[in-house]
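Chain residues, written in single-letter form:
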Amino acid sequence: MARNSKLQTEEKIVEKKKGTRLFQEVLLWTLIPLLFTTMVLLIIAYVADVNVFDKAKEWTESLPFGEKKQDEEIGDDTIIAERVVDLQAEIQEKEAQVFKLQEDLAKSEDEKQALLDEQTSLLAQIEALKMEKDDYKRDMKEIISTFEKMSAKSAAPVITNMSDAEAIQILASLKPEVLASILEKMSPEDAAKYTSLMTK
């Protein structure tokens, strides 16, 4: 019996050793490689400059754990929607401003074109007036030359039958000797009238 109990004790010790050995084998084949793999991954993350704790926090926050997360998402969606509406209103306002500026630009272009047309017309009128003035000067020189060649007796009645403005213009352009002889041949009233008109 003693031998039997010794055998049983030895069997228990062997079983205990087997249990310890099983635990050691599990530890050796699973837990140690797992710890080694974790350590290698942490070293790689450190070299890659990745904060493992921040990533874990992001992953846990992205999981829907309850009402708080949903409320935050609803609040964020509301803020985003309000921002979108504000931005759309701002875009419409800017488009209205651009449209108004384009209208103003088109209006100013039309005004500029109208002013350029008016300027061209005025320049044409000035050119025509210059030509008329040159023609008038040339005609006036010929008339004055003709009056200077005429006798005073013939020139005096012609001048008295002209309008006062034309007569004064011709008389004022004549040489003093010719003027004096023409005024002598006029009646005293006409000579006085033209002399007073020329002095004004």
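Residues numbered from 1 in each chain as written. Predicted model: local features only at pLDDT ≥ 70, side-chain atom pairs only at ≥ 80, totals over all residues. Heavy atoms only, no water.

**So, a negative patch on the surface**
On the surface, a cluster of negative charge is made up of Glu-82, Asp-86, Glu-90 and Glu-93. Residue position: Glu-90 is located in helix H3 (residues 67-149). Residue Glu-90 is classed as partly exposed on the basis of its relative accessible area of 43%. (Patch = residues over 30% accessible without salt bridge, like charges linked within 9 Å, V, L, I, M, F, W, Y side chains within 5 Å. Areas by Shrake-Rupley, 256 points an atom, 1.4 Å probe, with all protein chains shown as cover. Salt bridge = Lys/Arg side-chain N within 4 Å of Asp/Glu carboxyl O. Lys, Arg positive; Asp, Glu negative; His and termini not counted. Charge placed at Lys NZ, Arg CZ, Asp CG, Glu CD. Helix = DSSP H or I, 4+ residues; strand = E, 2+ residues; numbered from the N terminus. Buried < 20%, exposed > 50% of the residue type's maximum accessible area, 1.4 Å probe, protein only.)

**Considerations on the pattern of salt bridges**
Counted under the stated rule, the structure contains 3 salt bridges. Of the charged contacts in the structure, one is a salt bridge between Lys-100 and Asp-104, with a shortest N-O distance of 3.4 Å. Of this pair, Lys-100 and Asp-104 both sit in helix H3, 4 residues apart, roughly one helical turn. Exposure remark for Lys-100: the relative accessible area of 48% places this residue in the partly exposed category.

**Let's talk about a nonpolar patch on the surface**
On the surface, Phe-23, Leu-27, Leu-28, Trp-29, Leu-31, Ile-32, Leu-34 and Leu-35 cluster together to form a nonpolar patch covering roughly 860 Å² of accessible area. You can see Phe-23 is positioned in helix H1 (residues 2-47).

**Considering the nonpolar core**
The biggest cluster of nonpolar side chains holds 19 residues, and the ones touching the most others in it are Ile-159, Leu-171, Leu-174, Ile-182, Met-186 and Tyr-194. Put simply, the parts of the chain that give this core at least two residues each are H3, helix H4 (152-160), helix H5 (164-173), helix H6 (176-185) and helix H7 (188-199). Among all residues touching Ile-159, those that are not within four sequence positions of it are Phe-147, Ala-167, Leu-171, Ile-182, Met-186 and Tyr-194. (Core = buried A, V, L, I, M, F, W, Y, C linked by side-chain atoms within 4.5 Å. Contact = heavy atoms within 4.5 Å.)

**Structural notes on the packing of H5 against H7**
Packing of H5 against H7 brings their axes to within 10 Å, and their N-to-C directions diverge by 75°. Taken together, the axes of H5 and H7 are roughly perpendicular relative to one another. Here Asp-164, Ala-167, Ile-168, Leu-171 and Ala-172 of H5 come into contact with H7, specifically with Lys-193, Tyr-194, Leu-197 and Met-198. Of the residues in the contact of H5 with H7, the class split is 7 nonpolar, no polar and 2 charged. (Axes fitted to C-alpha atoms, helices over the stretch in contact; angles between N-to-C directions. Parallel < 35°, antiparallel > 145°, perpendicular 65-115°, else oblique. Nonpolar A, V, L, I, M, F, W, Y, C, P; charged D, E, K, R; others polar.)

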